[in-house]
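Architecture at a glance
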Amino acid sequence: MQSKHSRKIVLGSVDLVGASMPHDLEIMGQIMNSTETLMIHTEYIKNTPFLWIGLIFRYGLKNETAPHYQRINKKYGELPLALELDIRVLLTADETDPLLLKDLLEIATLDSLIHAGRKYNLKIQGLLERRSRLGKFPEWDPAMDDFPELLAQRYKASLPLLH
């Protein structure tokens, strides 16, 4: 296997419903950098049957908790994963609080990596520690159309109490 780049994680997105966000690409770049550093530091990516993970967010109308897997690309070393996320939640976060959008995309990234880590018996403790500082990905509520602040309130209510 020979990767065409040195990244350990690459994030991307595909729109399933005809919507777009102005902040997601910039935020995905930030998440890629911080998550890659964590993956290397905690040896998550050491002794794996793949060289890197490609995670595609599918912007749709539901939130999936487990990623879809494709076969490892034996030529380039990619483990392709995909996860559908509710675009209504993401759009509301993008419009009202890009830092909330960052948390939501980071939750989806970490949850996918942890799932893959369990499948391939990788060192996930560092990812679990980072994930424990984040809240729950909120479900869409039609009331959020009229009261977008409900999204942030529900997310903040799900955050763990830090001692």
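For the structure, check the block above.
Here's what I pulled together on the structure shown here. Everything quoted here is computed from the prediction, not taken from an experiment.

All right, on to the sheet that holds strand 2 (residues 52-60) then. If you trace the 4 strands from one edge of the open sheet to the other, you get 1-2-4-3, paired in mixed fashion. The sheet is open, and its two borders are formed by strand 1 (9-15) and strand 3 (68-69), each paired with just one other strand. The sheet contact formed by strand 3 and strand 4 (residues 78-86) spans 2 bridges and is antiparallel. Paired with tyrosine 69 across the bridge in strand 4 is leucine 81. Of the strands in this sheet, strand 2 and strand 4 touch helix 2 (residues 87-96), which is tilted by about 80° from strand 4.

Glancing now at the layout of surface pockets. Estimates place the volume of the largest pocket at around 190 Å³. Put simply, the parts of the chain that give the lining of the largest pocket at least two residues each are strand 4 and helix 3 (98-119). If you tally residues by element for the lining of the largest pocket, the top one is helix 3, at 3 residues. Taken together, the residues of the lining of the largest pocket break down into 5 nonpolar, 2 polar and 5 charged.

When two helices pack together, their arrangement is captured by the angle between the axes and the distance separating the axes. In the contact formed by helix 1 (residues 24-41) and helix 3, the axes pass within 10 Å of each other and the chain directions differ by 45°. It follows from the interaxial angle that helix 1 and helix 3 lie oblique. Where helix 1 crosses over helix 3, the handedness of that crossing is right-handed. Residue-level contacts link Asp24, Ile27, Met28, Gln30, Ile31, Thr35 and Met39 of helix 1 to Pro98, Leu101, Lys102, Leu105, Glu106, Thr109 and Leu113 of helix 3. Broken down by class, the residue content of the contact of helix 1 with helix 3 amounts to 8 nonpolar, 3 polar and 3 charged.

The biggest cluster of nonpolar side chains holds 45 residues, and the ones touching the most others in it are Tyr44, Phe57, Leu90, Leu104 and Leu105. Elements that contribute at least two residues to this core include exactly strand 1, helix 1, strand 2, strand 4, helix 2, helix 3 and helix 5 (149-158). In terms of residues, this core owes the most to one element, helix 3, which gives 10 residues. Excluding residues that lie within four positions of it along the chain, leucine 105 makes contacts with Asp24, Ile27, Met28, Ile31, Phe57, Leu85 and Leu90.

What follows concerns the pattern of salt bridges. Here the structure, examined in full by the defined rule, presents 9 salt bridges. The shortest N-O distance in the salt bridge between glutamate 64 and lysine 62 comes to 3.7 Å. Classification of glutamate 64 as buried rests on a relative accessible area of 16%. A residue is classified by how much of its surface remains accessible, and lysine 62, at 44% relative accessible area, is partly exposed. Each member of the salt-bridge network shares a partner with another, and the members are Glu43, Lys46 and Lys123.

Mapped onto the elements, serine 3 comes out in the segment before strand 1. One polar contact links the side chain of serine 3 to the main-chain carbonyl oxygen of histidine 5, over a distance of 2.8 Å.

Scoring rules and cut-offs
Residues numbered from 1 in each chain as written. Predicted model: local features only at pLDDT ≥ 70, side-chain atom pairs only at ≥ 80, totals over all residues. Heavy atoms only, no water. Pairing = 2+ DSSP bridges. Helix = DSSP H or I, 4+ residues; strand = E, 2+ residues; numbered from the N terminus. Contact = heavy atoms within 4.5 Å. Axes fitted to C-alpha atoms, helices over the stretch in contact; angles between N-to-C directions. 1 Å grid on protein atoms, 1.4 Å probe; cavity = no way out; pocket = protein on both sides within 12 Å on 5 of 7 lines; lining within 4 Å. Points joined across faces, edges and corners; volume = space filled by probe spheres on them. Nonpolar A, V, L, I, M, F, W, Y, C, P; charged D, E, K, R; others polar. Parallel < 35°, antiparallel > 145°, perpendicular 65-115°, else oblique. Left-handed = near helix turned anticlockwise from the far one by under 90°. Core = buried A, V, L, I, M, F, W, Y, C linked by side-chain atoms within 4.5 Å. Buried < 20%, exposed > 50% of the residue type's maximum accessible area, 1.4 Å probe, protein only. Salt bridge = Lys/Arg side-chain N within 4 Å of Asp/Glu carboxyl O. Polar contact = N/O pair within 3.5 Å; in protein donor to acceptor, adjacent residues only side chain to side chain.

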